[in-house]
Amino acid sequence: MKKLSIKGRVTLWYTSLLIMLLCVVVVYLFAFSGQVFTRQIKYKLLDIVSDTVQEVRFHNGEMDTEDMDFYKDGVSIFVYDTNGRLIAPRINRGMQVDSILEDQSVKRVVMEKEVWMVHDLYAEKDDTGFWVRGIISTSEVTSTLQNMIILALCAVPVFIGVAWIGGWLITKRAFAVIGEMTKTAESIISGEDLTLRLPNDSSGDEISNLSATINKMLARLQKVFERERQFTSDASHELRTPVSIILSQCEYGLETVEEKEKQYCFEAILRQGKRMSTLLSQLLLLARADSGRFQPDWERVDFSELCEMTVEEWEEKAQEEDIKLQCNIESGISLWADETLCIRLLTNLIGNAVKYNKKGGNVIVSLKKENESCILSVKDTGKGISKEEQEKIWHRFYRGDSARSSEGTGLGLSMVKWICTVHRGEIFVESEPDIGSIFTIKFPLEKKD
Ligand code: ADP
């Protein structure tokens, strides 16, 4: 048997619940309203009879009927003498009930297929004893109840119908969006088009929130996939150049007989081989970082010493370019860090300051302690970076136009940024074209969890 849709099930459940609820309410209403109406009639009868007793007057044994009303609010009043003879009203305006007078009693008497409520009261006034009898028909209660039943029989189905149609429409509208969402999701799967988004009416209800969340997830996935695609294409592009140089140099070296030419070929092959090796190790590290498999090797590192060592390593290259490398390093600054990553970071920053400098320029490496952190700054008087470029230098494989002639992979600063994140540090750049750049790093001294 085909299972009912969620739409159908929800509507069926609420409609059945409503029917049950209405049945209970209607039964309860009839049961109690009958009693309430009867009680109301009874009190009315008692009140009117006792008011009449107050109004009765006798003059010389004769009852004064002037100004007296013998039919009040559906109650017929009769006054009898002590022998049970009717003394008022003189003209019979109501139905007289043939039953024995009983003081303070409230009786039900059936007459001519109608039920009457009768109340008798004995009193004495002006030395004369008399009976007051009040009679009221209970058909009013029966007819009111009958009217209520008719009204309920008409109103309840209408009410249930409206509730059923309303519930069906609301759930249908809500599930229509789900239908559209399913269709869009299917086209995303079949066409692998991650630019598609699920429909969202921005109503802020649960479905619209779900659709907004899925759209956010799709946007994020699209970004990740695009980055991945870009990364693969950039990586293959970067590797193609050294590989083709190596191949062509090998072919040329094999063909040429001259020893000097062969030397040149091997040097070129070695250079490109080294570049490939650097590129591959950087790619490997970034790939591990991306997959979350990289585990830093935390230890207490003498950062001052690492800075001095890296500066020394770049000394020779700086001298070749006539660049003055200066240090302003506070000694004994140690921090919780991964030493290999710190060396990579320092090598990249100091290396860039030398590489992108001018002949006769300056590089100043400073390190100082500030509260719970250490501040490292690498200042150069080189080419500088324009404002637009300052955003892009952190992107993978980005190389400035002026940098293309120099050695490099375009992965250095993206790695530096990642190393800062691993160490819960921050990195800033201030730079002016043709004046120089300052890269500043703030690292916490202790490992933060
Ligand atoms: P690479 O140095 O291998 O090109 P990086 O990621 O280290 O890659 O740097 C990205 C780009 O940022 C460089 O190509 C260069 O244009 C620019 N850059 C980085 N450091 C400096 C600097 N100190 N002075 C001027 N430009 C710089």
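Preceding block: the structure.
Here the structure is a predicted model, which is why all the values come from computation and not from measurement.

Analysis parameters
Residues numbered from 1 in each chain as written. Predicted model: local features only at pLDDT ≥ 70, side-chain atom pairs only at ≥ 80, totals over all residues. Heavy atoms only, no water. Pairing = 2+ DSSP bridges. Helix = DSSP H or I, 4+ residues; strand = E, 2+ residues; numbered from the N terminus. Core = buried A, V, L, I, M, F, W, Y, C linked by side-chain atoms within 4.5 Å. Buried < 20%, exposed > 50% of the residue type's maximum accessible area, 1.4 Å probe, protein only. Axes fitted to C-alpha atoms, helices over the stretch in contact; angles between N-to-C directions. Contact = heavy atoms within 4.5 Å. Near = heavy atom within 4 Å. Polar contact = N/O pair within 3.5 Å; in protein donor to acceptor, adjacent residues only side chain to side chain. Areas by Shrake-Rupley, 256 points an atom, 1.4 Å probe, with all protein chains shown as cover. Nonpolar A, V, L, I, M, F, W, Y, C, P; charged D, E, K, R; others polar. Phe/Tyr/Trp six-rings, centres within 6.5 Å; stacked < 30°, edge-to-face > 60°. Lys NZ or Arg CZ within 6 Å of the ring centre and 35° of its normal.

## Brief notes about the pairing of strand S7 (residues 114–125)
Bridging between strand S6 (residues 106–111) and S7 involves 6 bridges; their strand directions are antiparallel. Bridge pairing links Val109 to Trp116 in S7. Between S6 and S7, which pair antiparallel and follow one another directly, the connecting turn spans 2 residues, one of which, Glu112, has a positive phi of 50 degrees. Relative to strand S8 (residues 128–137), S7 runs antiparallel, the two being bridged by 10 bridges. Following the sheet pairing, Tyr122 is matched in S8 by Trp131. Hairpin connection of S7 to S8: 2 residues between the antiparallel strands, including Asp126 at a positive phi of 50 degrees.

## With respect to the nonpolar core
Across soluble globular proteins, you tend to see nonpolar side chains buried next to one another. Membership of the largest hydrophobic core comes to 53 residues, with the highest contact counts inside it found for Phe303, Leu345, Leu349, Leu376, Trp418, Phe439 and Ile441. Considering every element that reaches this core, the biggest residue donor is helix H6 (residues 339–355), with 8 residues. Grouped together as the second largest cluster of nonpolar side chains are 22 residues, Ile41, Ile48, Val53 and Phe70 included.

## What about the sheet that holds strand S14 (residues 426–432)?
Pairing between sheet strands relies on hydrogen bonds along the backbone, with the strands arranged either parallel or antiparallel. On the basis of which strands lie adjacent, the open sheet formed by 5 strands has the order S10-S12-S13-S15-S14 and mixed pairing. The open sheet has two edge strands, strand S10 (324–329) and S14, and neither has a second partner. This sheet shows a mean twist of 10 degrees between the axes of neighbouring strands, independent of strand direction. Direction of pairing for S14 relative to strand S15 (residues 436–444): antiparallel, over a ladder of 7 bridges. Bridge pairing links Phe428 to Thr440 in S15. Packed onto the sheet, H6 meets S10, strand S12 (362–370), strand S13 (373–380) and S15 and runs at close to 25 degrees relative to S13.

## Points about the site of the ligand
Within the structure, the ligand sits among 19 residues, and Tyr356, Arg399, Thr409, Gly410 and Leu413 are positioned closest to it. Contact distances for the ligand include 2.6 Å between an oxygen atom and a side-chain N or O atom of Arg399. Thr409 has a polar backbone atom sitting 2.8 Å from an oxygen atom of the ligand. The fraction of the free accessible surface of the ligand (530 Å²) that becomes covered by protein chains is 97%. At the level of elements, H6, helix H8 (412–422) and S15 are the ones that each hand at least two residues to the shell around the ligand. Of the residues that constitute the shell around the ligand, the class distribution is 8 nonpolar, 8 polar and 3 charged.

## Overview of the packing of aromatic side chains
Overall, the coordinates contain 8 aromatic pairs when judged by the stated rule. When the ring of Phe303 is compared with that of Phe443, the centres are 6.0 Å apart and the planes differ by 40 degrees; the resulting orientation is tilted. With Phe303 in helix H5 (residues 303–320) and Phe443 in strand S15, the pair connects residues that are 140 residues apart, well separated along the chain. Looking at Phe303, the relative accessible area reads 0%, which means it is buried. In this arrangement the basic side chain of Arg396 is found over the ring face of Phe231, its NZ or CZ atom lying 5.1 Å from the centre.

These values are about where atoms sit, not about what they do.
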